[in-house]
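The residues making up each chain are set out below.
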Amino acid sequence: MKKGVMRPGHVQLRVLDMEEAVKHYRDLMGLIEMHTDASGRVYLKGWTEVDKYSVVLREADSAGMDFMGFKVVDEATLDSLRQELIDFGGLDVQDIPAGDLDGCGRRVRFTAPTGHVFELFATKEQTGKYGVGHHNPEAWPRDLKGMKATRFDHCLLYGDDLDTTYRLFTEVLGFCLAEQVVDPEGNRVAQFLTASMKAHDVAFIKHGEKNKLHHASFFLETWNDVLLAGDLISMTNTSIDIGPTRHGLTHGQTIYFFDPSGNRNEVFAGGDYHYPDHPPVTWDADKLGKAIFYHDRVLNERFLTVLT
Ligand SMILES: [Fe+2]
């Protein structure tokens, strides 16, 4: 958190059918439905999250990610980072007024060189941990559904200009490179970036097209929860990508599946941690299969090509 960026704050996803999407994110993944705004967007959160929401669903004609937002420590930090984003050059920095997302303060939006839209904000309504609060809290709320996802954790994004995006996230926003995949010529083809102790808050994989979403990921408490998520995926006939398995990168225990609009989701448990003095973990590109799927050691075609 060298520059005051704390954590992923929210992701806005495009979905084709809101009713189907809410069933998926609320009833299957176990997010808490918090709010619907005047334009019909639905706001949800993982039960351990203190802010009012972290996932915003917007009905649209195509699936994908509208934007991902990071929360910074305070309004003064938002001002200083806004200026640094402008000074970086070429980012199309925009000011989004408070209230554009219900309950959220002003946001500073920019388009990264990979084509993805990000934003920073400092203020969002806080409703506390769902069902338990923060005063003598019980261990967990007893009315959780489905996979009981605890929090929105990270996005994996595909795009073209990883090098400039790396400079942006490390030099301006203060992220650390936790893990990377490097090709034989020494070029970074995947970069896992963290603003905290987590293995990643956002990750990028090199790809010919700009602005593609690979997955939005949510944290579960245990490996057994990942197994139960797999059971629920079968019980509900939900489209599965792979898993349960383990990643080589980050060593998280994972399962990938798709929402009804084709957006890939991940739920995962475990994983490594990162401190700013840790050297980045490096995987060679010829070990990419093992880096992604530690047990199979081969990539499935969908991992590389099914994007929204
Ligand atoms: Fe992930």
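The preceding data block contains the structure.
Residues numbered from 1 in each chain as written. Predicted model: local features only at pLDDT ≥ 70, side-chain atom pairs only at ≥ 80, totals over all residues. Heavy atoms only, no water.

Its location among the elements puts isoleucine 32 in strand β2 (residues 32-36). The exposure class assigned to isoleucine 32 is buried, which follows from its relative accessible area of 11%. Counting along the chain gives 152 residues from isoleucine 32 to proline 184, while the straight-line C-alpha distance between them is 45 Å. Non-local contacts of isoleucine 32, meaning those with residues more than four positions away in its chain, are made with Tyr43, Leu44, Lys45, Trp47, Tyr130 and Leu144. (Helix = DSSP H or I, 4+ residues; strand = E, 2+ residues; numbered from the N terminus. Buried < 20%, exposed > 50% of the residue type's maximum accessible area, 1.4 Å probe, protein only. Contact = heavy atoms within 4.5 Å.)

Here the iron ion is held by His154 (NE2), His215 (NE2) and Glu266 (OE), and the distances to it run 2.1 Å. Sequence spacing of the donor residues for the iron ion, all on one chain, is H-x60-H-x50-E. Here the residue histidine 154 occupies a position in strand β9 (residues 151-159), and glutamate 266 occupies one in strand β16 (residues 264-270), the gap between them amounting to 112 residues. This pair shows no difference in class: histidine 154 is buried, exactly as glutamate 266 is. (Donors = N, O, S within 2.8 Å, 3.2 Å for Na, K, Ca; no water.)

Another point: empty space enclosed by the protein. The tally for this structure, following the rule as stated, stands at one cavity of 30 Å³ or more. Looking at the largest cavity, it is lined by 15 residues, and the ones nearest its centre are Phe192, His200, His215, His247 and Tyr256. Breaking the lining of the largest cavity down by element, the ones donating at least two residues are β9, β16 and α5 (288-292). Of the residues contributing to the lining of the largest cavity, the split by class is nine nonpolar, five polar and one charged. (1 Å grid on protein atoms, 1.4 Å probe; cavity = no way out; pocket = protein on both sides within 12 Å on 5 of 7 lines; lining within 4 Å. Points joined across faces, edges and corners; volume = space filled by probe spheres on them. Nonpolar A, V, L, I, M, F, W, Y, C, P; charged D, E, K, R; others polar.)

Before going further, it helps to examine the pairing of strand β11 (residues 188-194). Taken across its seven residues, β11 has six buried, putting it largely inside the fold. Of the pairings in the sheet, the one linking strand β10 (residues 176-182) to β11 comprises six bridges and is antiparallel in character. When the bridges of β11 are listed, leucine 177 appears paired with leucine 193. In textbook terms, the turn of a hairpin is the stretch between consecutive antiparallel strands, and for β10 and β11 this stretch comprises five residues, one of which, glycine 186, has a positive phi near 90°. In this structure, β11 lies alongside strand β12 (residues 202-206), joined through four bridges in antiparallel fashion. Within the sheet, the bridge partner assigned to leucine 193 lies in β12 and is valine 202. (Pairing = 2+ DSSP bridges.)

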